[in-house]
Amino acid sequence: MEKGRKKILVIVLSVIMTCVSVSGCGQVTKESNEEEVESDAIQIGFSMDSFLIERWQRDRDIFVSKAQELGAEVNVQNANGEVSRQISQIEYFIEKEMDVIVIVAIDGNSLTEVVEKAKRAGIKVIAYDRLILNADVDLYISFDNKKVGTLMGEYLRKMVGEEGTIIRVNGSPSDHNVTLVTEGFEEALQGSAIRIDKTGYAENWLAEVGFDVTSEYLAEDKVPDGIMCGNDDIATQVVKALSENRLAGQVYVVGQDADVAACQRIVEGTQYMTVYKPLELLAQRAAEMAVAMAKGEMPQVSSSVNDGTYDVPYENLEPVAVTKENMDEVIIGKYHQKNEVYLNVQG
(Lines give C-alpha, C1' and ligand atoms only; values in the text may rest on other atoms or scores of the structure.)
Protein backbone atom coordinates (compact mmCIF):
# COMPACT_ATOMS: atom_id res chain seq x y z
CA MET A 1 0.00 0.00 0.00
CA GLU A 2 1.41 3.41 -0.96
CA LYS A 3 2.18 5.86 1.85
CA GLY A 4 -0.67 8.21 2.60
CA ARG A 5 -3.35 5.98 1.13
CA LYS A 6 -5.86 4.20 3.29
CA LYS A 7 -7.87 1.15 2.40
CA ILE A 8 -11.52 1.72 3.02
CA LEU A 9 -13.98 -1.15 3.24
CA VAL A 10 -17.01 -0.29 1.21
CA ILE A 11 -20.21 -2.27 1.69
CA VAL A 12 -22.33 -2.24 -1.42
CA LEU A 13 -25.93 -3.16 -0.88
CA SER A 14 -28.03 -4.07 -3.87
CA VAL A 15 -31.75 -4.30 -3.33
CA ILE A 16 -33.87 -5.97 -6.00
CA MET A 17 -37.60 -5.84 -5.73
CA THR A 18 -39.57 -8.15 -7.97
CA CYS A 19 -43.31 -8.47 -8.28
CA VAL A 20 -44.10 -12.02 -9.32
CA SER A 21 -47.74 -11.62 -10.14
CA VAL A 22 -50.42 -9.11 -10.81
CA SER A 23 -52.23 -10.20 -7.69
CA GLY A 24 -49.41 -9.49 -5.20
CA CYS A 25 -45.77 -8.52 -4.56
CA GLY A 26 -42.98 -11.05 -4.30
CA GLN A 27 -39.99 -11.14 -1.88
CA VAL A 28 -37.13 -8.63 -1.45
CA THR A 29 -33.64 -9.97 -2.12
CA LYS A 30 -30.48 -8.28 -0.68
CA GLU A 31 -27.04 -9.01 -2.02
CA SER A 32 -23.90 -7.84 -0.20
CA ASN A 33 -20.63 -7.46 -2.09
CA GLU A 34 -17.37 -6.36 -0.39
CA GLU A 35 -14.49 -4.69 -2.17
CA GLU A 36 -11.45 -2.70 -1.12
CA VAL A 37 -11.06 0.81 -2.50
CA GLU A 38 -7.98 2.98 -2.05
CA SER A 39 -8.30 6.68 -1.29
CA ASP A 40 -5.94 8.82 -3.36
CA ALA A 41 -6.28 11.82 -1.07
CA ILE A 42 -3.08 13.38 0.26
CA GLN A 43 -2.78 12.79 4.00
CA ILE A 44 -1.56 15.68 6.19
CA GLY A 45 -0.98 15.49 9.93
CA PHE A 46 -1.30 18.81 11.77
CA SER A 47 0.17 18.80 15.29
CA MET A 48 -0.82 21.91 17.25
CA ASP A 49 0.44 23.35 20.54
CA SER A 50 -3.00 24.05 22.05
CA PHE A 51 -6.16 26.04 21.40
CA LEU A 52 -5.92 28.23 24.51
CA ILE A 53 -4.70 31.11 22.37
CA GLU A 54 -7.50 32.44 20.15
CA ARG A 55 -5.49 32.59 16.95
CA TRP A 56 -4.62 28.86 16.79
CA GLN A 57 -8.26 27.90 16.28
CA ARG A 58 -8.42 30.26 13.35
CA ASP A 59 -5.16 28.90 11.90
CA ARG A 60 -6.52 25.37 12.12
CA ASP A 61 -9.82 26.16 10.44
CA ILE A 62 -8.27 28.08 7.56
CA PHE A 63 -5.55 25.47 6.99
CA VAL A 64 -7.99 22.55 6.99
CA SER A 65 -10.43 24.34 4.71
CA LYS A 66 -7.74 25.20 2.15
CA ALA A 67 -6.18 21.73 2.25
CA GLN A 68 -9.56 20.08 1.70
CA GLU A 69 -10.23 22.46 -1.18
CA LEU A 70 -6.99 21.15 -2.72
CA GLY A 71 -8.10 17.54 -2.26
CA ALA A 72 -6.14 16.66 0.88
CA GLU A 73 -7.31 15.14 4.14
CA VAL A 74 -6.07 16.66 7.42
CA ASN A 75 -5.76 14.92 10.78
CA VAL A 76 -5.49 17.59 13.50
CA GLN A 77 -4.00 16.68 16.88
CA ASN A 78 -4.00 19.03 19.89
CA ALA A 79 -1.13 18.54 22.35
CA ASN A 80 -2.61 20.85 25.00
CA GLY A 81 0.79 22.40 25.68
CA GLU A 82 2.46 19.08 26.61
CA VAL A 83 5.70 18.30 24.77
CA SER A 84 5.52 14.54 25.47
CA ARG A 85 2.01 14.42 24.03
CA GLN A 86 3.10 16.30 20.92
CA ILE A 87 5.96 13.86 20.35
CA SER A 88 3.53 10.93 20.72
CA GLN A 89 1.14 12.52 18.23
CA ILE A 90 3.90 13.05 15.67
CA GLU A 91 4.95 9.41 16.13
CA TYR A 92 1.32 8.46 15.48
CA PHE A 93 1.42 10.43 12.22
CA ILE A 94 4.62 8.59 11.25
CA GLU A 95 2.98 5.25 11.97
CA LYS A 96 0.00 6.24 9.81
CA GLU A 97 2.38 7.12 6.97
CA MET A 98 1.26 10.69 6.45
CA ASP A 99 2.54 12.45 3.35
CA VAL A 100 3.32 15.65 5.25
CA ILE A 101 3.42 16.56 8.94
CA VAL A 102 2.86 20.20 9.91
CA ILE A 103 3.95 21.17 13.42
CA VAL A 104 3.24 24.15 15.69
CA ALA A 105 6.06 23.35 18.12
CA ILE A 106 5.51 23.69 21.84
CA ASP A 107 9.25 23.60 22.45
CA GLY A 108 11.52 24.15 19.48
CA ASN A 109 14.37 22.36 21.25
CA SER A 110 12.53 19.12 22.01
CA LEU A 111 11.36 17.81 18.65
CA THR A 112 14.65 17.21 16.85
CA GLU A 113 14.65 13.43 17.22
CA VAL A 114 11.02 12.86 16.25
CA VAL A 115 11.41 15.12 13.20
CA GLU A 116 14.48 13.13 12.15
CA LYS A 117 12.39 9.95 12.53
CA ALA A 118 9.70 11.38 10.25
CA LYS A 119 12.23 12.40 7.63
CA ARG A 120 13.83 8.92 7.68
CA ALA A 121 10.35 7.56 6.95
CA GLY A 122 10.19 9.76 3.85
CA ILE A 123 7.65 12.17 5.34
CA LYS A 124 7.96 15.89 4.61
CA VAL A 125 7.94 18.13 7.72
CA ILE A 126 6.81 21.76 7.90
CA ALA A 127 7.50 23.92 10.95
CA TYR A 128 4.45 26.18 11.18
CA ASP A 129 5.00 29.65 12.70
CA ARG A 130 7.61 28.35 15.18
CA LEU A 131 11.03 27.11 14.13
CA ILE A 132 12.13 23.64 15.25
CA LEU A 133 15.81 23.83 16.10
CA ASN A 134 18.58 21.58 14.76
CA ALA A 135 16.05 19.45 12.89
CA ASP A 136 16.54 20.34 9.21
CA VAL A 137 12.80 20.58 8.52
CA ASP A 138 11.79 20.69 4.88
CA LEU A 139 10.12 24.07 5.27
CA TYR A 140 9.63 26.78 7.89
CA ILE A 141 6.74 29.17 7.31
CA SER A 142 6.08 32.09 9.62
CA PHE A 143 6.01 35.84 9.89
CA ASP A 144 9.08 38.01 10.27
CA ASN A 145 9.14 37.65 14.05
CA LYS A 146 12.11 39.93 14.50
CA LYS A 147 10.08 42.64 12.78
CA VAL A 148 7.20 41.95 15.18
CA GLY A 149 9.52 43.00 18.00
CA THR A 150 10.82 45.93 15.98
CA LEU A 151 7.28 47.25 15.43
CA MET A 152 6.57 47.02 19.17
CA GLY A 153 9.80 48.77 20.09
CA GLU A 154 9.40 51.51 17.50
CA TYR A 155 5.89 52.26 18.67
CA LEU A 156 6.85 52.48 22.33
CA ARG A 157 9.84 54.67 21.49
CA LYS A 158 7.59 56.99 19.51
CA MET A 159 5.01 57.28 22.30
CA VAL A 160 7.28 57.25 25.35
CA GLY A 161 9.97 59.43 23.81
CA GLU A 162 13.73 59.05 24.09
CA GLU A 163 13.56 58.63 27.86
CA GLY A 164 11.31 56.50 30.01
CA THR A 165 10.74 53.22 31.76
CA ILE A 166 9.11 50.11 30.34
CA ILE A 167 8.54 46.56 31.50
CA ARG A 168 8.28 43.42 29.39
CA VAL A 169 6.22 40.28 29.75
CA ASN A 170 7.62 38.01 27.09
CA GLY A 171 6.09 34.77 25.85
CA SER A 172 7.35 31.27 26.56
CA PRO A 173 11.16 31.00 26.73
CA SER A 174 10.98 27.66 24.87
CA ASP A 175 9.43 29.39 21.83
CA HIS A 176 12.18 30.44 19.41
CA ASN A 177 9.96 33.26 18.14
CA VAL A 178 10.27 34.92 21.55
CA THR A 179 14.02 35.17 21.03
CA LEU A 180 13.51 36.80 17.63
CA VAL A 181 10.87 39.22 18.93
CA THR A 182 13.21 40.19 21.78
CA GLU A 183 16.07 40.88 19.34
CA GLY A 184 13.91 43.15 17.21
CA PHE A 185 12.48 44.93 20.23
CA GLU A 186 15.85 45.68 21.80
CA GLU A 187 17.34 46.86 18.50
CA ALA A 188 14.46 49.34 18.10
CA LEU A 189 15.32 50.89 21.48
CA GLN A 190 19.06 51.18 20.84
CA GLY A 191 20.35 54.75 21.03
CA SER A 192 17.54 55.88 23.33
CA ALA A 193 17.58 56.34 27.11
CA ILE A 194 14.53 54.10 27.58
CA ARG A 195 15.17 51.68 30.41
CA ILE A 196 13.74 48.15 30.57
CA ASP A 197 13.08 48.04 34.30
CA LYS A 198 11.59 44.55 34.62
CA THR A 199 11.28 41.45 32.41
CA GLY A 200 9.09 38.40 32.91
CA TYR A 201 8.47 35.26 30.85
CA ALA A 202 5.13 33.50 30.47
CA GLU A 203 6.08 29.83 30.66
CA ASN A 204 3.93 27.83 28.19
CA TRP A 205 2.33 31.17 27.27
CA LEU A 206 0.45 31.33 30.59
CA ALA A 207 -1.24 34.72 30.23
CA GLU A 208 -1.75 35.23 33.97
CA VAL A 209 1.98 35.90 34.27
CA GLY A 210 1.18 39.30 32.75
CA PHE A 211 -1.05 40.14 35.71
CA ASP A 212 1.52 38.96 38.25
CA VAL A 213 4.51 40.79 36.74
CA THR A 214 2.55 44.04 36.37
CA SER A 215 1.01 43.84 39.85
CA GLU A 216 4.38 43.17 41.47
CA TYR A 217 5.91 46.15 39.70
CA LEU A 218 3.07 48.49 40.66
CA ALA A 219 3.29 47.27 44.27
CA GLU A 220 6.75 48.86 44.38
CA ASP A 221 5.05 52.26 43.92
CA LYS A 222 6.41 52.50 40.38
CA VAL A 223 4.41 53.12 37.21
CA PRO A 224 6.00 52.27 33.84
CA ASP A 225 5.55 54.44 30.78
CA GLY A 226 4.95 51.39 28.61
CA ILE A 227 4.51 47.61 28.78
CA MET A 228 5.53 45.21 26.02
CA CYS A 229 3.40 42.04 26.03
CA GLY A 230 4.39 38.79 24.30
CA ASN A 231 0.88 38.46 22.88
CA ASP A 232 -2.60 39.89 23.31
CA ASP A 233 -3.64 37.25 25.85
CA ILE A 234 -0.85 38.48 28.10
CA ALA A 235 -1.93 42.06 27.37
CA THR A 236 -5.41 41.18 28.66
CA GLN A 237 -3.92 40.31 32.03
CA VAL A 238 -1.62 43.34 32.03
CA VAL A 239 -4.55 45.69 31.42
CA LYS A 240 -6.49 43.89 34.17
CA ALA A 241 -3.69 44.67 36.64
CA LEU A 242 -3.55 48.28 35.47
CA SER A 243 -7.33 48.58 35.81
CA GLU A 244 -7.24 47.35 39.39
CA ASN A 245 -4.79 50.17 40.10
CA ARG A 246 -6.81 52.75 38.14
CA LEU A 247 -4.08 53.07 35.54
CA ALA A 248 -5.74 51.55 32.47
CA GLY A 249 -5.20 53.86 29.51
CA GLN A 250 -2.37 55.73 31.24
CA VAL A 251 0.35 53.24 30.25
CA TYR A 252 1.25 52.41 26.66
CA VAL A 253 0.46 48.68 26.32
CA VAL A 254 1.45 46.82 23.14
CA GLY A 255 0.96 43.20 22.09
CA GLN A 256 0.62 40.96 19.05
CA ASP A 257 -1.95 38.75 17.28
CA ALA A 258 -4.76 41.32 16.84
CA ASP A 259 -7.17 39.26 18.95
CA VAL A 260 -10.67 40.71 18.98
CA ALA A 261 -10.36 41.62 22.69
CA ALA A 262 -7.13 43.51 21.95
CA CYS A 263 -8.74 45.39 19.06
CA GLN A 264 -11.61 46.31 21.38
CA ARG A 265 -9.16 47.64 23.97
CA ILE A 266 -7.35 49.67 21.31
CA VAL A 267 -10.48 51.52 20.18
CA GLU A 268 -11.47 51.92 23.85
CA GLY A 269 -8.03 53.33 24.75
CA THR A 270 -6.67 50.78 27.25
CA GLN A 271 -4.26 49.09 24.81
CA TYR A 272 -2.47 51.19 22.24
CA MET A 273 -1.07 48.85 19.63
CA THR A 274 -1.03 45.24 18.46
CA VAL A 275 0.84 43.53 15.65
CA TYR A 276 -1.43 41.92 13.07
CA LYS A 277 -0.07 38.83 11.36
CA PRO A 278 -2.37 37.92 8.43
CA LEU A 279 -3.25 34.40 9.56
CA GLU A 280 -5.39 33.71 6.52
CA LEU A 281 -2.37 34.20 4.29
CA LEU A 282 -0.12 32.09 6.53
CA ALA A 283 -2.55 29.17 6.87
CA GLN A 284 -3.59 29.12 3.23
CA ARG A 285 -0.02 29.38 2.00
CA ALA A 286 1.07 26.58 4.36
CA ALA A 287 -1.73 24.33 3.09
CA GLU A 288 -0.79 25.02 -0.52
CA MET A 289 2.86 24.27 0.15
CA ALA A 290 2.05 21.09 2.10
CA VAL A 291 -0.02 19.75 -0.79
CA ALA A 292 2.67 20.66 -3.32
CA MET A 293 5.36 18.94 -1.23
CA ALA A 294 3.19 15.83 -0.93
CA LYS A 295 3.17 15.72 -4.74
CA GLY A 296 6.95 15.89 -4.83
CA GLU A 297 7.15 19.59 -5.69
CA MET A 298 9.26 22.04 -3.69
CA PRO A 299 7.60 25.47 -3.70
CA GLN A 300 9.64 28.60 -4.24
CA VAL A 301 10.37 30.36 -0.93
CA SER A 302 11.55 33.85 -0.10
CA SER A 303 14.64 33.03 1.98
CA SER A 304 16.33 30.59 4.36
CA VAL A 305 16.96 30.57 8.11
CA ASN A 306 19.53 28.75 10.22
CA ASP A 307 17.98 26.41 12.78
CA GLY A 308 21.21 26.14 14.76
CA THR A 309 22.69 23.45 12.54
CA TYR A 310 21.06 23.65 9.12
CA ASP A 311 19.87 26.35 6.73
CA VAL A 312 16.22 25.55 6.06
CA PRO A 313 13.85 27.04 3.45
CA TYR A 314 11.89 29.90 5.01
CA GLU A 315 8.65 31.46 3.77
CA ASN A 316 8.69 34.85 5.44
CA LEU A 317 5.47 36.90 5.70
CA GLU A 318 5.15 40.53 6.76
CA PRO A 319 3.43 41.67 10.00
CA VAL A 320 1.58 45.00 10.34
CA ALA A 321 1.36 47.40 13.31
CA VAL A 322 -2.28 48.18 14.22
CA THR A 323 -3.42 51.23 16.20
CA LYS A 324 -6.69 53.07 16.60
CA GLU A 325 -5.76 55.17 13.56
CA ASN A 326 -5.52 52.29 11.06
CA MET A 327 -7.88 49.78 12.72
CA ASP A 328 -10.62 50.20 10.11
CA GLU A 329 -8.19 49.98 7.20
CA VAL A 330 -6.26 46.90 8.35
CA ILE A 331 -8.67 44.88 10.49
CA ILE A 332 -12.33 45.70 9.91
CA GLY A 333 -13.96 43.39 7.38
CA LYS A 334 -10.73 41.50 6.83
CA TYR A 335 -10.03 39.92 10.22
CA HIS A 336 -12.79 41.08 12.57
CA GLN A 337 -16.16 42.68 11.97
CA LYS A 338 -16.84 46.28 12.93
CA ASN A 339 -19.63 45.41 15.38
CA GLU A 340 -17.21 43.10 17.23
CA VAL A 341 -14.35 45.56 17.51
CA TYR A 342 -16.52 48.59 18.36
CA LEU A 343 -18.86 46.62 20.62
CA ASN A 344 -18.25 48.80 23.67
CA VAL A 345 -17.85 52.19 21.96
CA GLN A 346 -20.91 52.37 19.74
CA GLY A 347 -23.67 54.86 20.23
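By convention here, each chain's residues receive numbers from 1 onward along its written sequence. The predicted nature of this model means local features are confined to residues of pLDDT at least 70 and side-chain atom pairs, given and counted, to a pLDDT of 80 or more, with totals for whole chains, interfaces and linings taken over all residues. As a convention, hydrogens and water are excluded, and side-chain values are obtained from all of the structure's heavy atoms.

Asks: Help me understand the environment of alanine 207, please; the structure alone is not making it clear to me.
Replies: Per the convention used, a helix needs a DSSP run of H or I reaching at least four residues, while a strand needs a run of E reaching at least two, with both numbered from the N terminus. On the secondary structure map, alanine 207 appears in the loop between β9 (193–201) and α6 (208–218). Partly exposed describes any residue whose relative accessible area lies between the buried limit of under 20% and the exposed limit of over 50%, with all areas from a 1.4 Å probe on protein chains only and scaled to the type maximum. For alanine 207, a relative accessible area of 13% corresponds to the buried category. In the structure, alanine 207 is positioned 35 residues away from serine 172 in sequence and 10.0 Å away in space, judged by C-alpha atoms. Each residue touching alanine 207, except ones within four places of it in the same chain, is listed here: Asp233, Ile234 and Gln237. In what follows, a contact means two residues having at least one pair of non-hydrogen atoms within 4.5 Å.

Asks: Would you mind going over the sheet that holds strand β5 (residues 100–103) with me for this structure?
Replies: Where strands meet in a sheet, backbone hydrogen bonds hold them as pairs that are either parallel or antiparallel. For two strands to pair, DSSP has to find at least two bridges joining them. The mixed open sheet is built from 7 strands, whose spatial order is β4-β3-β5-β6-β7-β14-β13. The open sheet has two edge strands with one neighbour each: β4 (72–78) and β13 (303–306). The sheet shows a mean angle of 25 degrees between the axes of neighbouring strands, direction not considered. Across 4 bridges, the pairing between β13 and strand β14 (residues 311–317) is antiparallel. Think of each axis as a best-fit line through the C-alpha atoms, taken over the contacting stretch in the case of a helix, with angles from 0 to 180 degrees between the N-to-C directions.

Asks: Before we go on, may I ask you to explain the pairing of β5 in this structure?
Replies: Where a strand is regular, its side chains alternate between the two sheet faces. Residues Val100 and Val102 point to one face of β5 and Ile101 and Ile103 to the other, with burial holding for every one of them. Note: strand β3 (residues 42–48) against β5, 4 bridges, orientation parallel. Counterpart to isoleucine 44 in the pairing with β5 is valine 100. Inspection of the sheet shows β5 paired to strand β6 (residues 124–128) by 4 bridges, in the parallel sense. When the sheet's bridge partners are listed, valine 102 is paired in β6 with isoleucine 126.

Asks: Quick question: what am I supposed to make of the sheet that holds strand β15 (residues 320–322) here?
Replies: What the 6 strands build is an open sheet, ordered β9-β8-β10-β11-β12-β15; its pairing is mixed. With partners counted over all chains shown, the strands left at the sheet margins are β9 and β15, one partner each. Averaged over all pairs of adjacent strands, the angle between strand axes in this sheet comes to 20 degrees, irrespective of strand direction. Sheet topology places strand β10 (residues 226–229) next to strand β11 (residues 252–256); 3 bridges connect them, and they run parallel. Bridged to methionine 228 within β11 is valine 254. Sitting on the sheet, helix α4 (residues 145–160) is in contact with β8 (163–170), β9, β10, β11, β12 (273–276) and β15, with an inclination near 170 degrees to β11. Lying on the sheet, α6 is in contact with β8, β9 and β10; it crosses β8 at an angle near 145 degrees.

Asks: Looking at this model, I keep getting lost on helix α9 (residues 279–294). Mind explaining?
Replies: Owing to its 3.6 residues per turn, the α-helix aligns residues three or four sequence positions apart on the same side. Taking 1.5 Å of rise per residue, 16 residues should cover 22 Å, and α9 covers 22 Å from first to last C-alpha, within 8% of that figure. Within the span of α9, buried status applies to Leu279, Leu282, Ala283, Ala286, Ala287, Met289, Ala290, Val291, Ala292 and Met293. Looking one or two residues beyond α9, the residue adopting positive phi is glycine 296, at roughly 90 degrees. Expected helix span is computed as 1.5 Å times (number of residues minus one).

Asks: Explanation requested: the side chain of arginine 55 in the structure shown.
Replies: Within the secondary structure layout, arginine 55 lies in helix α1 (residues 54–69). Side-chain atoms alone can form a polar contact between residues adjacent in sequence; in general such a contact is a pair of N or O atoms within 3.5 Å, and within protein one must be able to donate a hydrogen while the other accepts it. At 2.8 Å, the side chain of arginine 55 forms a polar contact with the side chain of aspartate 59. Sequence-distant contacts of arginine 55, defined by excluding residues within four places in its chain, comprise Tyr128, Asp129, Asp257, Asp259, Lys277, Leu279 and Leu282.

Asks: I tried to follow unusual backbone geometry on my own but got confused; where do I start?
Replies: What is expected of a backbone is that most residues other than glycine have negative phi and most peptide bonds are trans. Positive phi outside glycine occurs at aspartate 129, with the angle close to 70 degrees. Residue aspartate 129 is classed as buried on the basis of its relative accessible area of 2%. Even without a glycine there, the phi angle at asparagine 134 is positive, about 55 degrees. You can see asparagine 134 is positioned in the loop between β6 and β7 (139–143).

Asks: What is the right way to read the pattern of salt bridges from this model?
Replies: Salt bridges are defined as contacts in which a side-chain nitrogen from Lys or Arg sits within 4 Å of a carboxyl oxygen from Asp or Glu. The final tally for this structure, using the stated rule, is 20 salt bridges. Among the salt bridges present, the one from lysine 277 reaches aspartate 257, with a minimum N-O distance of 3.2 Å. Here the residue lysine 277 occupies a position in the loop between β12 and α9, and aspartate 257 occupies one in the loop between β11 and α8 (260–268), the gap between them amounting to 20 residues. Lysine 277 gets classed as buried once you look at its relative accessible area, which sits at 4%. When the shortest N-O distance is used, the salt bridge between glutamate 288 and arginine 285 registers 3.8 Å. Within this pair, glutamate 288 and its partner arginine 285 are both found in helix α9, separated by 3 residues, close to a single helical turn. Under the relative-accessibility criterion, glutamate 288 is labelled partly exposed at 31%. Each member of the salt-bridge network shares a partner with another, and the members are Lys66, Glu69, Arg285, Glu288 and Glu315.

Fair warning: the whole summary comes from geometry, so function is off the table for now.
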